[in-house]
Amino acid sequence: MNILVWILAFTFIDGLVAFVGAVTLLLNEKTLRKMLYVMVSFSAGALLGGGLLHLLAESLTVLTVDTAFLILIAGFSVFFLVERFLHWHHCHERECEVHEYSYMILFGDGIHNFIDGLVIAAAFMADVRLGVVTSFLIIAHEIPQELGDFGVLLHGGMSKGKALFYNFLSQLTCVLGGVVGYLIPLEGFKTLMLPFAAGGFLYIAASDLIPELHKEADMKKAMISFMFFLIGVGLMLAIKIIAHGGA
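On a predicted model such as this, the values are computed, not experimentally measured, just so you know.

## A closer look at the overall build of the chain
- Each helix and strand in the chain was counted, giving 9 helices and 0 strands.
- Out of the 247 residues belonging to the chain, those deemed buried represent 47%.
- Look at the contacts in the chain between residues 6 or more apart in sequence, and 84% of them connect residues 24 or more apart.
- Here the chain displays about 12000 Å² of accessible surface, and carbon together with sulfur accounts for 72% of that area.

Okay, structure coming up:
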C-alpha cells in the first residue's frame, strides 16, 4: 500500500476520535451537567500534563532550554492575544452566548492535531509498522482528551451538535499535518511547534479552565474535581511511560 494512503487512513481515523463525545448524548440533562464539571477538571489536567510532559519535554530533546521556554512563552502570549480578540469580537457590549475559551480550545487542539499528523507521517515514512504503532499511541492519547474537550465546549455554551462538528473540524487538522509531513520535510518546524502548542495548552488550562473549577463552592465537589484533575495529569504521565519506557 502507498505510504500516503497509510498516512491518510490513520490521520482520518484520528479525526473520527472527535465523535467520542457522542457517548454523552445518551445521558439525561441532570447527569450530563454533573459530568461536564468532571470533564472540565479532567481536561484541565490532561492539557497541563500533555503540554508539559509530552510537547515541551519532546522539544527539549532537540531545542535548548532557553529556546524551548521562550517559544512556550510566545505560545502562551499568542493564545492570550487571540482570546482577547475573541472576547472583544464576540462579546463586545453584550453577554457571550458561547464563552471564548470554547474557541480557544478548538484553536489549540487544531495546532496539536496538526503536529500529530506530522508525527504520523514521519513515522510511516520511516517504517509502516512504526507508523501503525505511533498512530495507535496517538489515538489512545486523543480519546480521553477529546472527551474532555467536548465537555469543555458544552460547558462553554455550545450545543451538542455544534460541539461535535467543530471538534471534528479541529481534529481533521491531523489529516492536513499528515499530508504536509508527507510532501515537505518539516522536522524543524514540528519541533518549534511543540513548545508553542504547549504554551497554548498551559494558557487554556490555567487561565480558562481552572478558574471555572474555582466557581464550585461545595468543598466535597471541589475535591472530586481536583481528583479528576490529577487523573488527567496522571493519564498523560502513564501514556508517556508506556510509549517511552520511562518518565
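## A look at the side chain of His54
- Mapped onto the secondary structure, His54 falls in helix 2 (residues 29–59).
- In terms of polar contacts, His54 uses its side chain to reach the backbone carbonyl oxygen of Met236, at 2.8 Å.
- In this structure His54 touches Gly49, Met236, Ile239 and Lys240, once residues within four positions along its chain are discounted.

## Remarks on the packing of helix 1 (residues 3–16) against helix 7 (residues 173–183)
- Look at helix 1 against helix 7: their axes get within 8 Å of each other, and the N-to-C directions meet at 160°. When the axis of helix 1 is compared with that of helix 7, the two are roughly antiparallel. As helix 1 runs across helix 7, the sense of the crossing is right-handed. Residue-level contacts link Ile3, Leu4, Ile7, Leu8, Thr11, Phe12 and Asp14 of helix 1 to Cys174, Val175, Gly178, Val179 and Tyr182 of helix 7.

## A short note on helix 1
- In this model helix 1 runs 20 Å from its N-terminal to its C-terminal C-alpha over 14 residues, within 8% of the 20 Å that 1.5 Å per residue would give.
- Listed in full, the buried residues belonging to helix 1 are Ile7, Phe10, Thr11, Asp14 and Gly15. Along helix 1, the residues classed as buried sweep out an arc of 155° about the axis, all on the same side.

## Things to note about the environment of Asp218
- Looking at the secondary structure, you find Asp218 in the loop between helix 8 (187–213) and helix 9 (219–244).
- The class of Asp218 is partly exposed, set by a relative accessible area of 35%.
- Of note is the side chain of Asp218, whose polar atom sits 3.0 Å from the backbone nitrogen of Lys220.
- In terms of polar contacts, Asp218 uses its side chain to reach the backbone amide nitrogen of Lys221, at 3.0 Å.

## Description of the packing of aromatic side chains
- Scanning all chains against the criterion turns up 7 aromatic pairs.
- Summarising the aromatic geometry, the rings of Phe10 and Phe124 are spaced 5.5 Å apart at their centres and angled 40° between planes, so their arrangement reads as tilted. Of the two residues, Phe10 sits in helix 1 while Phe124 sits in helix 4 (residues 100–126), which places them 114 residues apart along the sequence. The residues Phe10 and Phe124 share a single accessibility class, namely buried.

## Looking at the side chain of Ser170
- Take Ser170: it is sitting in helix 6 (residues 160–171).
- Of note is the side chain of Ser170, whose polar atom sits 3.2 Å from the backbone nitrogen of Gly110.
- When residues no more than four places from it in sequence are discounted, the contact partners of Ser170 are Leu106, Asp109, Gly110 and Asn113.

## Points about helix 6
- If you check helix 6, its first and last C-alpha atoms are 16 Å apart, about what 12 residues at 1.5 Å a residue would give, namely 16 Å.
- Inspection of helix 6 places Ala163, Leu164, Asn167, Phe168, Ser170 and Gln171 among the buried residues, and these make up the whole buried set. One side of helix 6 carries all its buried residues, which in axial view fall inside an arc of 160°.

## A few points about the environment of Glu83
- Tracing the chain through its elements places Glu83 in helix 3 (residues 65–91).
- Of the residues examined, Glu83 reaches a relative accessible area of 6% and is grouped as buried.
- It is 9.9 Å that separates the C-alpha atoms of Glu83 and Asp208, two residues lying 125 residues apart in sequence.

## Details of a nonpolar patch on the surface
- A cluster of nonpolar side chains, Met219, Met223, Phe226 and Leu230, forms an exposed patch at the surface whose accessible area comes to about 430 Å².
- Structurally, Leu230 is set in helix 9.
- Relative accessible area serves as the criterion here: at 44%, Leu230 is assigned to the partly exposed category.

## Quick word on the environment of Gly232
- Here Gly232 shows up in helix 9.
- Each C-alpha atom, one on Gly232 and one on Gly50, is 8.9 Å from the other, the two residues being 182 residues apart in sequence.
- Leaving out residues up to four positions away in the same chain, Gly232 has contacts with Phe42, Gly45 and Ala46.

## Things to note about the nonpolar core
- Among the nonpolar cores identified, the biggest contains 37 residues, and Leu47, Phe79, Ile111, Ile204 and Leu209 are the most heavily contacted of them.
- Every element with two or more residues in this core is listed here: helix 2, helix 3, helix 4, helix 5 (128–155), helix 6 and helix 8.
- For this core, the element with the most residues is helix 8, which contributes 12 residues.
- Discounting chain neighbours no more than four positions away, the residues touching Leu47 are Ile105, Phe201, Ile204, Ala205 and Leu209.
- Within the second largest apolar cluster, 7 residues are counted, among which are Ile7, Phe10, Ile138 and Cys174.

Reading guide: rules and limits
Residues numbered from 1 in each chain as written. Predicted model: local features only at pLDDT ≥ 70, side-chain atom pairs only at ≥ 80, totals over all residues. Heavy atoms only, no water. Helix = DSSP H or I, 4+ residues; strand = E, 2+ residues; numbered from the N terminus. Buried < 20%, exposed > 50% of the residue type's maximum accessible area, 1.4 Å probe, protein only. Contact = heavy atoms within 4.5 Å. Areas by Shrake-Rupley, 256 points an atom, 1.4 Å probe, with all protein chains shown as cover. Polar contact = N/O pair within 3.5 Å; in protein donor to acceptor, adjacent residues only side chain to side chain. Axes fitted to C-alpha atoms, helices over the stretch in contact; angles between N-to-C directions. Parallel < 35°, antiparallel > 145°, perpendicular 65-115°, else oblique. Left-handed = near helix turned anticlockwise from the far one by under 90°. Expected span 1.5 Å × (residues − 1). Arc of directions from axis to C-beta. Phe/Tyr/Trp six-rings, centres within 6.5 Å; stacked < 30°, edge-to-face > 60°. Patch = residues over 30% accessible without salt bridge, like charges linked within 9 Å, V, L, I, M, F, W, Y side chains within 5 Å. Salt bridge = Lys/Arg side-chain N within 4 Å of Asp/Glu carboxyl O. Core = buried A, V, L, I, M, F, W, Y, C linked by side-chain atoms within 4.5 Å.

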